[in-house]
Amino acid sequence: MPAIQFHPQPDENGSPVPVFTPTPATSAETWLEPTLSATCSVTERPVLPRSLNGIDFTEEHLGEDDWKHLMKQYRRWKDAPTPVIAKRRTSGLVIVEPDGRYWIVHPTNQFGGASATFPKGRLEPGLSLLVNGVKEAWEESGILAEPLEYLCDVDRTKTVTRYYIARRLAGSPAFAGWESQAVSLVPAWELLKFFNRPNDQKILPYLAAWQLRHRSAA
């Protein structure tokens, strides 16, 4: 019987997190080829390049003061109107690389039945949906990103999740938190192959429309 592997980071209670079905990593070459999907697995030694698209991979240590600073920084950010609903609010980021690929996370042990998803999480008290999305993306992917614009709201059974388009500033998938067993960088045309849950698939038409607008404006 193979030994149980554990996530390098403990959960929010400080307990070790077993990873029963690890997502395998890809070779170093996949990170530098924009037509390929690349994956960093927490259960394997990272094979990341030092930098990608001119931005270094770094280890970031963020805390409450950083989120308070971002709340001040983005206090005048023009967000989309928030629908008046009884459902719980969540938010996340769709982080795009200059080479056209997107960052996604693989929930540890396929939590919630999802093999992969964009990073997101429940709205925390004292945070805006925007800053909450930045925080959740960093915790789940290890990547610190800058929101660029509102993308969409996705209506789920018990929640409504707001997504923002963002770009990577710092961080590294090698330091993804315990909720993710791997982080991938995926070309747009392969996202549907990774997403097995309908709620994640709902984002893709909005993303396709954003890509079209972005290309038209270029």
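What counts as what
- Residues numbered from 1 in each chain as written.
- Predicted model: local features only at pLDDT ≥ 70, side-chain atom pairs only at ≥ 80, totals over all residues.
- Heavy atoms only, no water.
- Axes fitted to C-alpha atoms, helices over the stretch in contact; angles between N-to-C directions.
- Helix = DSSP H or I, 4+ residues; strand = E, 2+ residues; numbered from the N terminus.
- Left-handed = near helix turned anticlockwise from the far one by under 90°.
- Contact = heavy atoms within 4.5 Å.
- Nonpolar A, V, L, I, M, F, W, Y, C, P; charged D, E, K, R; others polar.
- Buried < 20%, exposed > 50% of the residue type's maximum accessible area, 1.4 Å probe, protein only.
- Pairing = 2+ DSSP bridges.
- Core = buried A, V, L, I, M, F, W, Y, C linked by side-chain atoms within 4.5 Å.
- Patch = residues over 30% accessible without salt bridge, like charges linked within 9 Å, V, L, I, M, F, W, Y side chains within 5 Å.
- Areas by Shrake-Rupley, 256 points an atom, 1.4 Å probe, with all protein chains shown as cover.
- Salt bridge = Lys/Arg side-chain N within 4 Å of Asp/Glu carboxyl O.
- Phe/Tyr/Trp six-rings, centres within 6.5 Å; stacked < 30°, edge-to-face > 60°.

Attention now goes to the packing of helix 1 (residues 64-73) against helix 2 (residues 129-141). Between two packed helices, both the angle of their axes relative to each other and the distance between the axes serve to describe the pair. Relative orientation of the contacting elements helix 1 and helix 2 amounts to 145 degrees, with a least axis distance of 10 Å. Helix-helix and strand crossings are classified by hand; for helix 1 and helix 2 the assignment is right-handed. Counted together, Trp67, Leu70 and Met71 of helix 1 and Val131, Val134, Lys135 and Trp138 of helix 2 form the full contact between these two elements. Residues of the contact of helix 1 with helix 2, tallied by class, amount to 6 nonpolar, no polar and 1 charged.

On a regular strand, each side chain points to the face opposite its neighbour's, so the side chains alternate between the two faces of the sheet. Among the 9 residues that make up strand 6 (residues 88-96), 8 are buried, leaving the element largely enclosed by the rest of the structure. Where strand 6 and strand 10 (residues 159-171) come together, 9 bridges link them in parallel fashion. Paired with Gly92 across the bridge in strand 10 is Tyr163. When strand 6 meets strand 8 (residues 120-122), the two strands line up antiparallel, connected through 3 bridges. In the sheet register, Gly92 faces strand 8, and the bridge partner there is Lys120.

Turning to the pairing of strand 7 (residues 101-107), a few remarks are in order. Where burial is concerned, most of strand 7 is hidden: 7 out of the 7 residues are buried. A two-sided burial pattern is seen for strand 7, the buried positions comprising Arg101, Trp103, Val105 and Pro107 on one face and Tyr102, Ile104 and His106 on the other. Note that strand 7 and strand 11 (residues 180-187) share 7 bridges and pair antiparallel. Residue pairing in the sheet places Pro107 in a bridge with Ser180 of strand 11.

Moving on, we get to the environment of Val160. Mapped onto the fold, Val160 is located in strand 10. Residues Val160 and Pro119, spaced 41 residues apart in sequence, show a C-alpha to C-alpha distance of 14 Å.

Within soluble globular proteins, side chains that are nonpolar generally end up buried alongside one another. Trp67, Leu93, Ile95 and Trp103 are the most contacted members of the largest nonpolar core, which has 28 residues in total. Mapped by element, the contributors of at least two residues to this core are strand 3 (38-41), helix 1, strand 6, strand 7, helix 2, strand 9 (143-155), strand 10 and strand 11. No other element matches helix 2, which puts 6 residues into this core. Excluding residues that lie within four positions of it along the chain, Ile95 makes contacts with Arg101, Tyr102, Trp103, Ala137, Ile143, Ala145, Ala166, Arg167 and Arg168. Counting residues in each nonpolar core, the second largest holds 19 residues, with Phe118, Val154, Tyr163 and Val186 among its members.

Turning to the environment of Ile203, a few remarks are in order. Mapped onto the fold, Ile203 is located in helix 5 (residues 203-217). Not counting residues up to four positions away in its chain, the partners in contact with Ile203 are Val94, Phe118, Leu151, Cys152, Val154 and Tyr163.

Right, let's get into a nonpolar patch on the surface. Taken together, the side chains of Ile4, Phe6 and Phe20 make up a nonpolar region of the molecular surface, amounting to roughly 340 Å² of accessible area. Along the chain, Ile4 turns up in the segment before strand 1 (5-6). Residue Ile4 is classed as exposed on the basis of its relative accessible area of 52%.

Quick look at the packing of aromatic side chains now. Scanning the model with the defined rule gives 6 aromatic pairs in all. Relative to Trp138, the ring of Trp67 has its centre 5.9 Å away and its plane inclined at 55 degrees; by these criteria the two rings are tilted. Here Trp67, found in helix 1, pairs with Trp138, found in helix 2; they are 71 residues apart in sequence, far enough to count as distant. Just as Trp67 is buried, Trp138 falls in that class too. Pairwise contacts between aromatic rings join Trp31, Phe57 and Trp103 into one cluster.

All quantities given are derived from atomic positions and should not be read as evidence of function.
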